[in-house]
Amino acid sequence: MTIVTALSLPASIRIRPATRGRAPTAAMRASRLHSTAIMTRTANAFSLPVGQVYEQPFSHDKDMESTDNPLAMQLPLDANVHPSPLQMQPHWHNIGGSHKCIVYLEPRRNTPLYTAIEEFFRVSASMFGPTEAHQYHPHSSMTGFIDLAPMRDNASSMMAEIAYHLHSLVTTKLSSSLMQGDKVAPQVRTVAVVNDYPHPGTHKIEIKLDTPAVFRSIIDQVAELVAEAGIRPKRMGHISLAYCNKHVPTTTVVSAGQAKQLESLAQSFLCHPQVFDPAKNPWDIVFYELAYKSTSLDIPHRFSQIARWQL
């Protein structure tokens, strides 16, 4: 597999800074992009820089040379890479961002699980106000944030190295698990309250997951192969629904009474057969760069997708 970086591209398709070129017009977007933008609360986490989704593959020569091109900030991975039984999405680099990246295991958009979580986020925010969970799209963290700032000059090549090893291990380990008949997707267990988290006096609501050990094995091995990145593997045992005062200091707390109400609200959206049906809820492994870190509970963080593996 070839990882494409800005430094290895021909000049005609080299990444251009965001300040160059004209903004894409409405006509361009209508003709070249999917007709409907992603309209979810956390659309930024899944969208290209113009907030749209591409339906068809594009030509390097034709599409990447125009200064009007809304893809000017993006780089595709080799279009011939289609590891079976997994699917590799285009590979993107967001040069000049926060130099922090992260790997998520997340339910695919528009699945019953994803939709139920987003609906819970919407209703719970209107009833109780936003919590830190509202700053993210639905996910289970495979790693903590990987801080590449200390190696800023080599951050892009480090991201490419992490993506390379992820791709290799996802392809081999999950393909092997599938051939052996093992499960390769998390299973939703229940909605639960975690008392006194992250601090005494405030509580957390989360979805408990049963996640196959192969996912932790993948991250453990990537962490060993790219030791200088300081990757912190996570346990992948939950999806957070509501919590406060972990990363964003605030006077807001989730009281015991609110936690019970939020638990009941979450169960009303999530405790349905289609949410627990693995056949209706495929998952993805996604490698992101943190493009914008929000310090406000009602404003989500923004992520630029580097690579996505559909399970």
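Scroll up for the structure.
The text that follows walks through the structure, step by step, so that each part is easy to find. (Residues numbered from 1 in each chain as written. Predicted model: local features only at pLDDT ≥ 70, side-chain atom pairs only at ≥ 80, totals over all residues. Heavy atoms only, no water.)

1. Describing the pattern of salt bridges
Moving on, step 1. In this structure the tally under the stated criterion is nine salt bridges.
Moving on, step 2. Among the ionic pairs, Lys260 bridges to Glu263, the shortest N-O distance being 3.6 Å. Of the two residues, Lys260 and Glu263 both sit in helix α6 (residues 256-270), three residues apart, roughly one turn of that helix.
Moving on, step 3. Judged by its relative accessible area of 53%, Lys260 is exposed.
Moving on, step 4. Take Glu263: its relative accessible area is 14%, and that puts it in the buried class.
Moving on, step 5. A salt bridge links Asp284 to Arg308, with the shortest nitrogen-to-oxygen separation between them at 2.7 Å. Placement of the pair is Asp284 in strand β8 (residues 283-292) and Arg308 in strand β9 (residues 302-310), with a sequence separation of 24 residues.
Moving on, step 6. Overall, the relative accessible area of 8% leaves Arg308 in the buried class.
Moving on, step 7. Residues participating in the shared-partner salt-bridge network are Glu106, Arg108, Asp284 and Arg308. (Salt bridge = Lys/Arg side-chain N within 4 Å of Asp/Glu carboxyl O. Helix = DSSP H or I, 4+ residues; strand = E, 2+ residues; numbered from the N terminus. Buried < 20%, exposed > 50% of the residue type's maximum accessible area, 1.4 Å probe, protein only.)

2. Some details on the layout of surface pockets
Moving on, step 1. Computed from the structure, the second largest pocket encloses a volume of approximately 660 Å³.
Moving on, step 2. Taken together, 34 residues form the lining of the second largest pocket, with Ser141, Lys234, Tyr243, Lys246 and His247 sitting closest to its centre.
Moving on, step 3. Those elements that place two or more of their residues in the lining of the second largest pocket are β2 (100-107), β3 (140-141), β6 (204-210) and β7 (238-242).
Moving on, step 4. For the lining of the second largest pocket, the class distribution of residues is 14 nonpolar, eleven polar and nine charged. (1 Å grid on protein atoms, 1.4 Å probe; cavity = no way out; pocket = protein on both sides within 12 Å on 5 of 7 lines; lining within 4 Å. Points joined across faces, edges and corners; volume = space filled by probe spheres on them. Nonpolar A, V, L, I, M, F, W, Y, C, P; charged D, E, K, R; others polar.)

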